Amino acid sequence: MLILVLAESALETVPEGLWRHPTVQRYSKRVGKHSRFLLLDRSYHHAAMKALEEGEKRGRPDIVHFALLEALGSPLNREGLLQVYVHTINNYVITVNPEARLPRNYNRFVGLMEQLFELGRTPPSGPGLLQLEHKTMPQLLHEVKPDYVMAFSRKGMPHPLEEAILRLSERERPAVFVGGFPHGRFSEKTVKLANEVVRIDPDMLETWTVTSRVIYEYERAISLSKKRLEC
């Protein structure tokens, strides 16, 4: 079982301090929602975000969207060998049901996330596919109990991805941290939670690229493709 955590993800609702900013107000009127129910999105709120703390890491829900589509559509997930969590920059955690099928359309995904932040779960009734809780990374790790944690960062020790994942596959419940933000790096608090920090490329790779490559290499390490074809 591989535990994937999209860590410090750029997914949040518009902070209260920006509700009255003209850029946010105009967008709020256009979509017919109060500012507090809107996802922060740099595509629409760039001017309002200029003075926002750690602004370069925030306001990119599309990153989470792409990465989740990659993860949930993988053979590893279809085999019940993947559990995905989204940890946000404001210490919320989304538990993703492996059976969740997220919208491919970005605007529909945004609506789903806005509903999730408002109600704490989606759909509102019936089996929950996504659940949102206020939770720190240490709290999450205490609950999921991984036996090894590997974080991927350009500040880590250089290792070919296939070698790093091969070591990881020898564990029973390994967890990986992939940054869910566009720029910057993990906080020191997050780094200290990892047993190992690994750099897999000299350049910064997009979140969805790292996500898909990590899952694929893990599938290779456990010979999942061969097992599936033999069934």
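Preceding block: the structure.
Please read all numbers here as calculations on a predicted model, not as lab measurements.

What follows is about the environment of Glu99. With respect to the helices and strands, the residue Glu99 is situated in the loop between strand 3 (92-96) and helix 5 (106-119). Between the C-alpha atoms of Glu99 and Glu163, which are 64 residues apart in sequence, the distance is 30 Å.

In this structure, Pro123 follows Thr122 across a cis peptide bond, with omega equal to -5 degrees. Structurally, Pro123 can be placed in the loop between strand 4 (121-122) and strand 5 (130-134). With a phi close to 55 degrees, Glu54 is a non-glycine residue in the positive phi region. One can find Glu54 in the loop between helix 2 (42-45) and helix 3 (61-72). The phi dihedral of Lys145 is positive, around 55 degrees, even though this residue is not glycine. Considering the arrangement of structural elements, one finds Lys145 in the loop between helix 6 (137-144) and strand 6 (148-158).

Here we come to the pairing of strand 2 (residues 82-88). Counting buried positions along strand 2 gives seven out of seven residues, so the element sits mostly inside the fold. Because side chains alternate across strand 2, one face comprises the buried residues Leu82, Val84, Val86 and Thr88, and the other comprises Gln83, Tyr85 and His87, equally buried. Across four bridges, strand 2 lies against strand 3 in antiparallel orientation. From the neighbouring strand, Val84 faces strand 3, where its bridge partner is Val96. In this structure, the hairpin formed by strand 2 and strand 3 is closed by a connection of three residues, where Asn91 is found at a positive phi of approximately 60 degrees.

Right, let's talk about the pattern of salt bridges for a bit. A side chain with one charge can pair with a side chain of the opposite charge if their charged atoms come near. Within the structure shown, the criterion is met by nine salt bridges. Note that Glu8 and Lys57 form a salt bridge whose closest N and O atoms lie 2.5 Å from each other. Here Glu8 is found in strand 1 (residues 2-9), whereas its partner Lys57 is found in the loop between helix 2 and helix 3, with 49 residues between them in sequence. Taken individually, Glu8 and Lys57 each receive the classification buried, so the pair is uniform in this respect. Beyond isolated ion pairs, a larger network of salt bridges with shared partners links Glu133, Lys135 and Glu143.

Our next topic: the packing of aromatic side chains. Inspection of every chain in the model, using the stated rule, returns four aromatic pairs. Relative to Trp208, the ring of Phe66 has its centre 5.0 Å away and its plane inclined at 80 degrees; by these criteria the two rings are edge-to-face. Of the two residues, Phe66 sits in helix 3 while Trp208 sits in helix 9 (residues 207-221), which places them 142 residues apart along the sequence. Using a relative accessible area of 37% as the deciding quantity, one classes Phe66 as partly exposed. Geometry around Phe181 places Lys57 over its ring, the cationic atom sitting 4.3 Å from the centre.

The rules we used
- Residues numbered from 1 in each chain as written.
- Predicted model: local features only at pLDDT ≥ 70, side-chain atom pairs only at ≥ 80, totals over all residues.
- Heavy atoms only, no water.
- Helix = DSSP H or I, 4+ residues; strand = E, 2+ residues; numbered from the N terminus.
- Buried < 20%, exposed > 50% of the residue type's maximum accessible area, 1.4 Å probe, protein only.
- Pairing = 2+ DSSP bridges.
- Salt bridge = Lys/Arg side-chain N within 4 Å of Asp/Glu carboxyl O.
- Phe/Tyr/Trp six-rings, centres within 6.5 Å; stacked < 30°, edge-to-face > 60°.
- Lys NZ or Arg CZ within 6 Å of the ring centre and 35° of its normal.

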